[in-house]
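Chain by chain, the residues run as shown.
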Amino acid sequence: MKVLLVEDNVELTQNVSGYLSKEGYVVECASTYASAIDKLAGFDYDIVLLDIMLPDNNGLEILKYLKAHNSDMGVLILSAKDALEDRIHGLELGADDYLPKPFHLSELNARIKSIYRRRQLSGSSEMVVGEIRIDTKTLEIRVANILLDLTRKEFEMFLYLVVNKNRVLTKQSIAEHLWGDYMDSMDSFDFVYQHIKNLRKKITAAGGKDYIQTMYGSGYKFNTNI
Amino acid sequence: MVKIISKPCTDRVTNSTPIFKMRLILKITIIYLLISLLVFMLGGVITFEVIKREVDFEQQRFLRERLTSAEKMIERRKLSRPFVRDKISIIPLDSGVQETKVHYSDTIVMHSTLQRLEPHIKLDVIKVINNRPYKISMYDLIIEEDDIADGVQESLLKMYLLLTFVVLILSGLTSLWILKPFNKALQRIKDFSLMRNQEYKYEHSSTSEFNKLNQFLEEMTRKMQKDYQAVKEFTENAAHEIQTPLTIASGKLEILLNTEKLSEEQSAMIISAQQSLKRLSKMNQSLLLLTKIDNKEFENVGQINISAELERQIFDFEELIELKSITLNKEIEGNVKVEMDAVLCGILITNLVKNAIRHNFEAGRIKILLNHKKLIISNTGEPLSIEPQLLFDRFKKGNQSQESLGLGLAIVKKICDVSGFEIGYKFKNDEHQIEVTF
């Protein structure tokens, strides 16, 4: 998957590109509006990560450029402004999603993959991890052909873990992924624990491996190497 | 039981004292009238003195003229016997008596026609006519001092009353005209709002003081608006700029967390640091929100179905309520509409419901009541450790819950203020009760 990251902050660029490269993405970076337009004119990307506040122009102008050129690249806006109007404005202009800063890199990864999945209209909506098959359209998970009876939240949580497989996910990041920003972490940490416990039980009951590993002191990891 | 009801802060102060247009001019008029009273009194004394002097002089001249004609009569008649008539007596004296100067004196004489004693002016002189001395006395009715004083008093009093009357009426009328630019300026200052970024133009006046005032006001308001705009932009930009380094730091920690061979202790430290960053970011967002509400950036006021919003949010929080085994009791009237900004309505309800859940006991209770007049949310929980009236202040926490920022209720209060709602808190039957009156 090819990703173009348009962000003027060097440190943030390093963080994101480093993280996404490890995920196996090809990441290119542009720090200004002009260089972003240059790259977009010459190359094709699957996803464009767009910071709104750029030194030489508003990031939304890049979005307008893409739409004007009938591009079908996915666009994820990264913004320091968490204002509803900005969000609505960005989505109206044709962005696929909007992620306010600060964000968890695992959340960014999940959002990118989600956009990618939605855009692969022709492709299969199925993800396979070992003996587990996940259908992101029907929201079904099968372990060795046994359909799991999962709640919506359990499904979302499992997908989040799988998308970020072999990485440590903090309870905070899981909680925010599931309930958004307005849920306070402390309140929901027990909640994450409950859901994880149920999920594990359901997977192992269906004969699946116990992929979800508790990282003491930090969080959870979907470990495919066990 | 303490109840604090906060008044909605209205931007434009209600007009309890209408501008009293006569105030300044009345003051000036009264001072002017007092000064003229003093002048009139002094003037009265002077007028009295002058008139009295003139009258005395005229009377003496009149007596002297009569004396001259008396002398002529004596000379013509060659009087040898005393001659006594009304107001005159001529008595021939023995020769050898010296001539004297004319002497005036006041006396009281029986007035022949009035038949009563009246003050008179009297002239006494000894004149030698045809080598014979005569004692001549004559007198006449005088104009009394009292009469002069009465006359002066009466005329001055009438003049003074006329002056007062005319001055009051005219000053009232002219002040309407003279003070017109001033009153206009006052009205404009009253209507002035920093939030509305309008140009400020004052009318030109023919009074130099008012022109100066208007110029000053124009400059002042322009500067105020400029400063306000700058502060507003600075606050928002600063708040946004903080999010980027927070994202970087949090990202680095996330990468660090995924490095090999971290001890449990190290992981815990990273998590703790990340949580602090998260708190900082939330605090920043909350303060930004408060600033934005202050800056009137939520002016999209419309009819909001608060019943639907409340039901939706309760649904969102249901999991959390269940997790804490809280019993929820709701009486929500359908289709309650309130006039407010939609975004603020969402934030208001989120904060209130979240608050009721967070500061609750395990297996506690929450009661939510909504009707077209008010929204009451009550919950069980630890009693407040602060004064109830401080509850809605920034960074005041009812209990020192680690996660709580102490900004949630400050935001709730602010939203109520700008939406014109009243908010009150009381602790009743071991329950915290927050009441929003629409």
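### With respect to the overall build of chain A
Looking only at helices and strands, one finds eight helices and 12 strands in chain A. The C-alpha radius of gyration of chain A comes to 18 Å, within 12% of the 17 Å expected for a compact globule of 226 residues. On the principal axes, the C-alpha backbone points of chain A span a range of 55 × 40 × 30 Å. Classification of the 226 residues of chain A by burial places 51% in the buried group. Residue pairs in contact within chain A that sit at least 24 positions apart in sequence constitute 59% of those at least 6 positions apart. Side-chain charges in chain A split into 27 positive and 32 negative, and the spacing between the mean points of these groups amounts to 7 Å.

### Here we look at the pattern of salt bridges
This structure, assessed with the given rule, holds 33 salt bridges over all chains. Ionic pairing is found between K52(B) and E145(B), a salt bridge with its closest N-O pair at 3.1 Å. Placement of K52(B) in helix 1 (residues 23-77) and of E145(B) in helix 2 (residues 145-178) is noted, with a sequence separation of 93 residues between them. For E154(B), the salt bridge identified is with K158(B), shortest N-O distance 2.9 Å. Of this pair, E154(B) and K158(B) are both found in helix 2, four residues apart, which corresponds to roughly one turn of the helix. Since its relative accessible area comes to 47%, E154(B) is described here as partly exposed. One connected set of salt bridges, linked through shared partners, spans E7(A), D51(A) and K101(A).

### Description of the sheet that holds strand 3 (residues 88-92) of chain B
All names here are of chain B. With antiparallel pairing, the five strands of this open sheet are ordered in space as 2-3-6-5-4. Two strands bound the open sheet, and with one partner strand each, they are strand 2 (83-85) and strand 4 (103-111). On average, each strand axis in the sheet is tilted by 20° relative to the strand beside it, whichever way the strands run. Sheet analysis places strand 4 next to strand 5 (residues 116-129), joined by nine bridges and oriented antiparallel. Counterpart to H111 in the pairing with strand 5 is R116. Against the sheet, helix 1 touches strand 2, strand 3, strand 4, strand 5 and strand 6 (132-141), its axis set at about 140° to strand 6.

### Considering the interface of chain A and chain B
With 41 residues of chain A in contact, the opposing surface of chain B contributes 35 residues. For the pair chain A and chain B, the two sides together bury roughly 3,600 Å², of which 55% comes from carbon and sulfur. Counting the contacts that link chain A with chain B gives two salt bridges. Measuring nitrogen to oxygen at the nearest pair gives 3.3 Å for the salt bridge that ties E176(A) to K278(B). Across the chain A-chain B interface, the total number found is six residue pairs in polar contact (both at pLDDT 80 or more). Put simply, the parts of the chain that give the side of chain A that touches chain B at least two residues each are helix 1 (10-22), helix 5 (105-119), strand 10 (168-170), helix 7 (171-179) and helix 8 (185-205) of chain A. The dominant element in the side of chain A that touches chain B, judged by the number of residues it contributes, is helix 8 of chain A, at eight residues. By residue class, the composition of the side of chain A that touches chain B is 17 nonpolar, 13 polar and 11 charged.

### Examining the nonpolar core
One finds F158(A), L161(A), L310(B), M340(B) and L352(B) to be the most contacted residues of the largest nonpolar core, which totals 74 residues. Here this core takes nine residues from helix 7 (residues 342-358) of chain B, the largest share from any one element. Not counting the four nearest positions on each side in its chain, L310(B) is found in contact with I332(B), I349(B), V353(B), I368(B), L370(B) and L375(B). Counting 21 residues, the second largest nonpolar core, distinct from the first, contains A30(A), L40(A), V48(A) and I77(A).

### Topic: the environment of I212(A)
All names here are of chain A. Here I212 shows up in strand 11 (residues 212-215). Under the relative-accessibility criterion, I212 is labelled buried at 2%. Considering only alpha carbons, one finds I212 and F158, 54 residues apart in sequence, at a separation of 9.3 Å.

### Observations concerning the pairing of strand 5 of chain B
Joining the antiparallel neighbours strand 4 of chain B and strand 5 of chain B is a turn of four residues, in which Q115(B) adopts a positive phi near 60°. Connecting strand 5 of chain B to the antiparallel partner strand 6 of chain B that follows it, the hairpin turn spans two residues, and N130(B) within it adopts a positive phi of roughly 50°.

### Re the domain arrangement of chain B
Once the domains are mapped, chain B shows domain 1 (19-178), domain 2 (208-291) and domain 3 (300-437). Taking only C-alpha atoms into account, the centre of domain 1 of chain B sits 93 Å from that of domain 3 of chain B.

### Considering the sheet that holds strand 7 (residues 132-135) of chain A
Residues and elements named next belong to chain A. The antiparallel open sheet is built from four strands, whose spatial order is 6-7-8-9. A strand with exactly one partner marks an edge of an open sheet, and here the two such strands are strand 6 (126-129) and strand 9 (146-147). Taken strand by strand, helix 6 (residues 152-163) contacts strand 6, strand 7 and strand 8 (140-143), and its axis lies near 115° from that of strand 7.

### Observations concerning the confidence of the model for chain A
The pLDDT averaged across chain A works out to 85; a share of 93% of its residues lies at or above 70. Mean pLDDT per element in chain A: helix 4 (residues 84-92) of chain A is the minimum at 77, and strand 1 (residues 2-6) of chain A is the maximum at 92.

### Overview of the domain arrangement of chain A
Residue and element names in this part refer to chain A. Taken domain by domain, chain A comprises domain 1 (2-119) and domain 2 (126-222). Averaged C-alpha coordinates put domain 1 and domain 2 at centres separated by 27 Å. The interface is formed by 10 residues belonging to domain 1 together with 13 residues belonging to domain 2. Where domain 1 abuts domain 2, roughly 990 Å² becomes buried across the two surfaces, and 45% of that area is made up of carbon and sulfur atoms. The interface formed by domain 1 and domain 2 includes one salt bridge. Close ionic contact of E23 with R167 constitutes a salt bridge, the shortest N to O distance being 2.7 Å. Contributing elements (two or more residues each) for the side of domain 1 that touches domain 2: helix 1 and helix 5.

### With respect to the packing of helix 5 of chain A against helix 6 of chain A
Residues and elements named next belong to chain A. Closest axis-to-axis distance for the helix 5/helix 6 pair is 9 Å, and the angle between their directions is 100°. If you check the angle between helix 5 and helix 6, you find them roughly perpendicular. Here S106, E107, N109, A110, K113 and R117 of helix 5 lie close against helix 6, whose contacting residues are L159, Y160 and V163.

### So, the side chain of S106(A)
Here S106(A) lies in helix 5. There is a polar contact of 3.0 Å between the side chain of S106(A) and the side chain of Y160(A). Not counting chain neighbours up to four residues away, the residues in contact with S106(A) comprise Y19(A), Y160(A), N164(A), L169(A), S173(A) and E254(B).

### Overview of the confidence of the model for chain B
Residue and element names in this part refer to chain B. Looking at chain B, the pLDDT average stands at 83 and 91% of residues meet or exceed 70. Looking at the elements of chain B, mean pLDDT is at its lowest for strand 1 (residues 4-5), recorded as 41, and at its highest for strand 10 (residues 365-370), recorded as 91. Contacts of residues 1-16 to residues separated by more than four positions or lying in other chains number 32 contacts, the stretch itself having pLDDT below 50.

Thresholds applied
Residues numbered from 1 in each chain as written. Chains lettered and ligands numbered in written order. Predicted model: local features only at pLDDT ≥ 70, side-chain atom pairs only at ≥ 80, totals over all residues. Heavy atoms only, no water. Helix = DSSP H or I, 4+ residues; strand = E, 2+ residues; numbered from the N terminus. Rg over C-alpha atoms; globule rule 2.2 N^0.38 Å. Buried < 20%, exposed > 50% of the residue type's maximum accessible area, 1.4 Å probe, protein only. Contact = heavy atoms within 4.5 Å. Lys, Arg positive; Asp, Glu negative; His and termini not counted. Charge placed at Lys NZ, Arg CZ, Asp CG, Glu CD. Salt bridge = Lys/Arg side-chain N within 4 Å of Asp/Glu carboxyl O. Pairing = 2+ DSSP bridges. Axes fitted to C-alpha atoms, helices over the stretch in contact; angles between N-to-C directions. Buried area = accessible area lost by both parts, 1.4 Å probe. Polar contact = N/O pair within 3.5 Å; in protein donor to acceptor, adjacent residues only side chain to side chain. Nonpolar A, V, L, I, M, F, W, Y, C, P; charged D, E, K, R; others polar. Core = buried A, V, L, I, M, F, W, Y, C linked by side-chain atoms within 4.5 Å. Domains from an automatic or database assignment. pLDDT = per-residue confidence, 0-100. Parallel < 35°, antiparallel > 145°, perpendicular 65-115°, else oblique.

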